[in-house]
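Examination of the molecular architecture
Spelled out, the chains give:
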Amino acid sequence: MELGDLGTDRTLKASAEDLISEDGWTVLDTPILAEGNSNSNAAFKRVGNFFMLRLSTVVKSVLADSSKLSVFPRPEILADRQLTSSLGIEFADFTYTVEEILSPGDIFTSVHLRNSFMDEMNKAGAQVALLTGSSPPEACEEHFRERVVQWRDFPSPGLLTIVEIPFDEKTQTFMSQIGGHFATVSVVQAHPQSPDEMIVTVGLFVTGSAFPLWASAHLAQMAQSVANLVQLTASSFGNLESLCKADQNFYTVLSLRTCPQGRPLLPGACPLALNLGEDPWCVLLDLPEGADPAFTFWFRPVGDFNFPNYLFLFLAAIGCPEVQVFSSIDGRPLVPYQAVVRRSQWLEVNSSFEAAWKVHKMAYRKLNSTKHAPTISEAKTPRFAEVPDSYLDNPPSVPLKSLITAPCHDL
């Protein structure tokens, strides 16, 4: 089943907001029992061409303080097998492997499931087939790929939203369901009366024009399987405090400052027919013998400008194309003069960058006849841009390299 409108982040975020609202839901009277947990309830409502099944269940908190969900480890941290192993963390029921970080908090990943997870997914898939009159789905695959997104402080401050969308290898598209794998939107919040527990509300999408009168019993059974999956996930996570600390050091936010005479420059090859004395957009430096000839000619880029794109082009020009540069974090776009990089990658290329940036300052001052030049420094906190709702309308694209090995990043 193709995602359709569910493929846009705008619709997925609206679905997360729906999950914590009581408007338009049909509540199931049948009680839901998940591994002995009676604190679960289910409902369903229409969402576009889909029905969304909502299940709320209480689980033991995976953080020492469930009120601090805004520091919950991003999916790329949870899927970093080398990191989790070094901290003595092993997930018993599943393992994630990052194929590509699309942006901080948004990854394309390979998933390996254990039998307990597969059994519950197969049960849920069988109930969907009964509800929609479709053919029984193929058995849940032990290995599959999906997009996993995490939005902190959404739908409201202190809450956490996690989205999982399976990827179909045959059509190379994201789908609402592949066998026993479903697209889900989950909202996690602290339990108001119990600090060592969390409330997890899962929205699961199924197709169908209408649910028949006899649907409640099947929905209840399906909800019970989903509730069991939530319980398995929480128990497999255990305590994630050590990963929270690792998450805080995973990225670096950079800021571009002090551009008194316009945008910064890029190094490049000098055109043979260029009259440097008359062109205000480029400059040729007379560098000392032994200096890198690649840094002799500099030009001012034209067209739309933002720091993430510029930094990516600058790093590629100085021989560091492996550094991923991002323009958003946790689903929120940064202001145009900030960018995010992985701290480990930034440290690896820092000496090369500093050497090239020192020459850049010389070129900028010469071209603009000024004493000042742009600076790039680490920012204490990210600053987010105000953007229209249409920003969220672009569906998650199939990463280009996923057709071969792994997808590329978002620039």
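These lines cover the structure that appears in this document, whether it is placed above or below. (Residues numbered from 1 in each chain as written. Predicted model: local features only at pLDDT ≥ 70, side-chain atom pairs only at ≥ 80, totals over all residues. Heavy atoms only, no water.)

**Let's talk about the overall build of the chain**
If you tally the helices and strands in the chain, you get eight helices and 22 strands. Taking the contacts inside the chain whose residues are at least 6 apart along the sequence as the reference set, 68% of them involve residues at least 24 apart. (Helix = DSSP H or I, 4+ residues; strand = E, 2+ residues; numbered from the N terminus. Contact = heavy atoms within 4.5 Å.)

**Some words on the sheet that holds strand 15 (residues 266-267)**
Pairing in this open sheet of three strands is antiparallel, and the strands run 15-17-16 from one edge to the other. The open sheet is flanked by strand 15 and strand 16 (282-284), the only strands paired with a single partner. (Pairing = 2+ DSSP bridges.)

**Focus on the nonpolar core**
Of all hydrophobic cores here, the largest spans 37 residues; its most connected members are Leu63, Leu69, Phe72, Leu113, Leu240 and Val340. Grouped together as the second largest cluster of nonpolar side chains are 31 residues, Val283, Val359, Ala363 and Ile376 included. (Core = buried A, V, L, I, M, F, W, Y, C linked by side-chain atoms within 4.5 Å. Buried < 20%, exposed > 50% of the residue type's maximum accessible area, 1.4 Å probe, protein only.)

**Observations regarding the sheet that holds strand 14 (residues 251-257)**
Reading across the sheet, the four strands line up as 18-21-14-22 and stay open at both edges, with antiparallel pairing between neighbours. What marks the edges here is a single partner per strand, and that holds for strand 18 (325-326) and strand 22 (375-378). Sheet topology note: the strand 14/strand 21 (residues 338-342) ladder contains five bridges and is antiparallel. When the bridges of strand 21 are listed, Thr252 appears paired with Val341. Sitting on the sheet, helix 7 (residues 307-317) is in contact with strand 14, strand 18, strand 21 and strand 22, with an inclination near 50° to strand 21. (Axes fitted to C-alpha atoms, helices over the stretch in contact; angles between N-to-C directions.)

**Describing helix 1 (residues 9-19)**
Think of an α-helix as 3.6 residues a turn; residues three or four steps apart then line up on the same face. Every buried residue belonging to helix 1 is among Asp9, Leu12, Lys13, Ser15, Ala16 and Leu19, and all of these are buried. Buried positions in helix 1, seen along its axis, are confined to an arc of 155° and lie on one side of it. (Arc of directions from axis to C-beta.)

**Concerning helix 7**
Phe307, Pro308, Tyr310, Leu311, Phe314 and Leu315 are the residues of helix 7 that are buried. The buried side chains of helix 7 occupy one side of the element, clustering within an arc of 160° when seen end-on. A positive phi of about 90° marks Gly319, the residue just after helix 7.

**Details of the packing of aromatic side chains**
A full pass over the atoms with the stated rule returns 16 aromatic pairs. Taking the centre distance of 6.0 Å and the plane angle of 40° together, the rings of Tyr310 and Phe314 count as tilted. Taken as a pair, Tyr310 and Phe314 lie in helix 7 at a separation of four residues, close to a single helical turn. For Tyr310, a relative accessible area of 2% translates into the label buried. Residue classification places Phe314 among the buried residues on the basis of a relative accessible area of 0%. (Phe/Tyr/Trp six-rings, centres within 6.5 Å; stacked < 30°, edge-to-face > 60°.)

**Topic: the pattern of salt bridges**
Applying the stated criterion to the full structure yields 10 salt bridges. Residues Lys45 and Asp18 are paired through a salt bridge, measuring 3.8 Å at the closest nitrogen-oxygen approach. Linking Lys45 in strand 3 (residues 37-47) with Asp18 in helix 1, this pair joins segments that are 27 residues apart in sequence. Judged by relative accessible area, which is 11%, Lys45 ranks as buried. With a closest N to O distance of 2.8 Å, Asp330 and Arg74 form a salt bridge. (Salt bridge = Lys/Arg side-chain N within 4 Å of Asp/Glu carboxyl O.)

**Here's the deal with the pairing of strand 14**
Regular strands place their side chains on alternate faces of the sheet. Most of strand 14 is tucked away: six of the seven residues are buried. Relative to strand 22, strand 14 runs antiparallel, the two being bridged by four bridges. Within strand 22, the residue paired with Ser255 across the bridge is Ser377.

**Quick word on the packing of helix 7 against helix 8 (residues 343-368)**
At their nearest, the axes of helix 7 and helix 8 sit 10 Å apart, and the two run at 90° to each other. By the angle between their directions, the pair helix 7 and helix 8 is classed as roughly perpendicular. Mapping the contact onto sequence places Tyr310, Leu311, Phe314 and Leu315 in helix 7 and Trp346, Val349, Phe353, Ala356, Trp357 and His360 in helix 8. Looking at side-chain class alone, the contact of helix 7 with helix 8 contains nine nonpolar, one polar and no charged residues. (Parallel < 35°, antiparallel > 145°, perpendicular 65-115°, else oblique. Nonpolar A, V, L, I, M, F, W, Y, C, P; charged D, E, K, R; others polar.)

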